[in-house]
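# Architecture at a glance
Residue-level listing of the chains:
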2 protein chains.
Amino acid sequence: MSWFDSSFHSTLLQQAVDAFSRLPGVGKRSALRMALYLLKQPCEDVERWGQAFIRLRNEVKYCRVCNMLSDTDICPICTDPERDSALICVVESVRDVMSIELTGQFRGRYHVLGGIISPIDGIGPNDLTIDALIERLGKGGVEEILLALSTTMEGETTSFYLSRKASAFPVRITTIARGVGFGDELESTDEMTLGRAIQNRQPFNP
Amino acid sequence: MSWFDSSFHSTLLQQAVDAFSRLPGVGKRSALRMALYLLKQPCEDVERWGQAFIRLRNEVKYCRVCNMLSDTDICPICTDPERDSALICVVESVRDVMSIELTGQFRGRYHVLGGIISPIDGIGPNDLTIDALIERLGKGGVEEILLALSTTMEGETTSFYLSRKASAFPVRITTIARGVGFGDELESTDEMTLGRAIQNRQPFNP
């Protein structure tokens, strides 16, 4: 029991604050604000929210094809006939899929690795869904895999590993463009990014 | 459905994110981070947390004497024989009780008003627990009430109203000291506070 908890005088309150403060980015004071906020909401709403957390954890599935979060065995993206099954975008996490979906620029399908090769964190190729990706390639019909991993050391290592594995199949391997971001100032762009953006210069199409 | 929600592809995930984003200070993106965090925690933990929220809302009580949050009909502070029942500190909210408890400087009891008189928000004296406070004073045994309300217009109005009501009883009415905070610089203290601090100057005891 910390100095802060000693002012609670209610086990119920303390348990709720403890629960909230386990969430990422939530300190004890924010957790308290959240718990006191719950008390002002209708019982039915709080019941529904609590159940939503529990159901999410207990009932959500991972797509058997691409490993994306899903309510069903195979996710809506993998079953959507309008999406190009010949193009697979490989990403690290569920959140990356969501970020790319928000752009509205990608109409292929995904493969979620569930992490990235990182010897320091003890994560090797076998901890990721790389075998499942290779299996997808083995079934044929895939023409291109687009590697959309971070530009960190681990991301580059994983991209390299995947490109070696995928080279056994007749697929084109691409990666998302690296360069200076829209709205970024040159003077605040790091040398690595700026250097690469100059090397990979493109025709100017006004 | 907002542009952000369209990238979810999972109703379970969306419901959990909606629930988190109802919390104070939590936006859609933080809510998503929280939901994805839940997925990585043991089922039992998530179950316990969800139940903690629901139980807090359904089972918590308000002390019949002081209106503080409590697991029992009368709160631990009101039943603690070591605390001075002749001294009542009047505060706006549960959180104020907790703030004062954290100082460790107060050994009396509390009275939580449950708000503050604010005509703009449509909150009048009858919406607060003022009658219950007067009833406590009427029972006798109280020697001092310490008004610990905000220094806002509403706080001052409420303090004034309470002091008028309490003046019918043989109690001393006090208020917490106002002045320059410890660690505050004079140049960044507002004139109102600094002016009052000069008026209420105190003997220097090094």
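Looking now at the overall build of chain A. Scanning chain A for helices and strands turns up eight helices and six strands. Radius of gyration (C-alpha) of chain A: 22 Å, far over the 17 Å computed for a compact globule of 206 residues. Each principal axis of the C-alpha atoms in chain A carries an extent, and together these give about 65 × 45 × 40 Å. With 206 residues in all, chain A has 41% of them scored as buried. In chain A, once contacts between residues fewer than 6 apart in sequence are set aside, the share between residues at least 24 apart is 47%. Counting only carbon and sulfur atoms, one obtains 52% of the accessible surface of chain A, whose full area is about 11700 Å². One way to put it: in chain A the 22 positive side-chain charges average out to a point 3 Å from where the 27 negative ones average out.

Let us now look at the relation of the copies chain A and chain B. Each copy of the sequence occupies a distinct position, and chain A is placed on chain B by a rotation of 180° and an axial shift of 0.0 Å, giving an RMSD of 0.1 Å. Overall, the copies show the geometry of a two-fold rotation axis. Taking C-alpha positions as reference, the residue of chain A nearest the rotation axis is Gly50 of chain A, located at 2.1 Å. A high fraction, 100%, of the interface residues of chain A reappear at the interface in chain B, so the copies pair face to face through one surface.

Let us look at the interface of chain A and chain B. Contact with chain A, which involves 56 residues of that partner, is made by 56 residues of chain B. With both chains or domains summed, chain A and chain B bury close to 5700 Å², and 71% of this area falls on carbon and sulfur atoms. The interface formed by chain A and chain B contains zero salt bridges. There are nine residue pairs in polar contact (both at pLDDT 80 or more) connecting chain A and chain B. At the level of elements, helix H1 (11-21), helix H2 (28-39), helix H3 (43-59), helix H4 (76-79) and helix H5 (94-103) of chain A are the ones that each hand at least two residues to the side of chain A that touches chain B. At 15 residues, H3 of chain A tops the list of elements feeding residues into the side of chain A that touches chain B. Residues belonging to the side of chain A that touches chain B are distributed by class as follows: 35 nonpolar, 10 polar and 11 charged.

This paragraph deals with the sheet that holds strand E6 (residues 172-175) of chain A. Residue and element names in this part refer to chain A. Taken together, four strands build an open sheet; the order of strands is E4-E3-E5-E6 and the sheet is parallel. Across the chains shown, the open sheet's two edge strands, defined by having one partner strand only, are strand E4 (108-112) and E6. Adjacent strand axes in the sheet meet at a mean angle of 25°, parallel and antiparallel pairs treated alike. Pairing between strand E3 (residues 84-91) and E4: five bridges, direction parallel. Paired with Ile88 across the two strands is Arg109, which belongs to E4. Lying over the sheet, H5 contacts E3 and E4, oriented at roughly 160° with respect to E4. Across the sheet, helix H6 (residues 130-138) touches E3, E4 and strand E5 (144-147), and the angle it forms with E4 is around 145°.

Following the criterion strictly, the structure yields zero disulfides over all chains and no others. The structure places no disulfide on Cys89 of chain A, whose sulfur is separated from the nearest cysteine sulfur, that of Cys66 of chain A, by 11 Å. No disulfide involves Cys43 of chain B; its sulfur sits 20 Å from the nearest other cysteine sulfur, which is in Cys63 of chain A. When its relative accessible area of 30% is taken as the criterion, Cys43 of chain B is described as partly exposed.

In a beta sheet, neighbouring strands pair by backbone hydrogen bonds and run either parallel or antiparallel. Residues and elements named next belong to chain B. The strand order across the open sheet formed by four strands is E4-E3-E5-E6, and the pairing between neighbours is parallel. Both outer strands of the open sheet, strand E4 (108-112) and strand E6 (172-175), are each paired with one neighbouring strand and no more. For this sheet the average axis-to-axis angle between neighbouring strands, irrespective of direction, equals 25°. In terms of strand pairing, strand E3 (residues 84-91) meets strand E5 (residues 144-147) through four bridges, oriented parallel. Among the inter-strand pairings, Ile88 is bridged to a residue of E5, identified as Ile145.

Residue and element names in this part refer to chain A. Mapped onto the secondary structure, Arg136 falls in helix H6. Glu135 provides the closest opposite charge to the buried, unpaired Arg136, separated from it by 9.0 Å. Ignoring anything within four residues of it in the chain, the contact list for Arg136 reads Val65, Cys66, Ile88, Arg109, Tyr110, His111 and Val142.

Residues and elements named next belong to chain B. Within the secondary structure layout, Asp73 lies in the loop between strand E2 (69-70) and helix H4 (76-79). Between the alpha carbons of Asp73 and Phe160 there is a distance of 30 Å; along the sequence they are 87 residues apart. Discounting residues that sit within four places of it in the chain, Asp73 has contacts with Lys61, Tyr62, Cys63 and Arg64.

Conventions adopted
Residues numbered from 1 in each chain as written. Chains lettered and ligands numbered in written order. Predicted model: local features only at pLDDT ≥ 70, side-chain atom pairs only at ≥ 80, totals over all residues. Heavy atoms only, no water. Helix = DSSP H or I, 4+ residues; strand = E, 2+ residues; numbered from the N terminus. Rg over C-alpha atoms; globule rule 2.2 N^0.38 Å. Buried < 20%, exposed > 50% of the residue type's maximum accessible area, 1.4 Å probe, protein only. Contact = heavy atoms within 4.5 Å. Areas by Shrake-Rupley, 256 points an atom, 1.4 Å probe, with all protein chains shown as cover. Lys, Arg positive; Asp, Glu negative; His and termini not counted. Charge placed at Lys NZ, Arg CZ, Asp CG, Glu CD. Least-squares fit on C-alpha atoms with pLDDT ≥ 70 in both. Buried area = accessible area lost by both parts, 1.4 Å probe. Salt bridge = Lys/Arg side-chain N within 4 Å of Asp/Glu carboxyl O. Polar contact = N/O pair within 3.5 Å; in protein donor to acceptor, adjacent residues only side chain to side chain. Nonpolar A, V, L, I, M, F, W, Y, C, P; charged D, E, K, R; others polar. Pairing = 2+ DSSP bridges. Axes fitted to C-alpha atoms, helices over the stretch in contact; angles between N-to-C directions. Disulfide = S-S within 2.5 Å.

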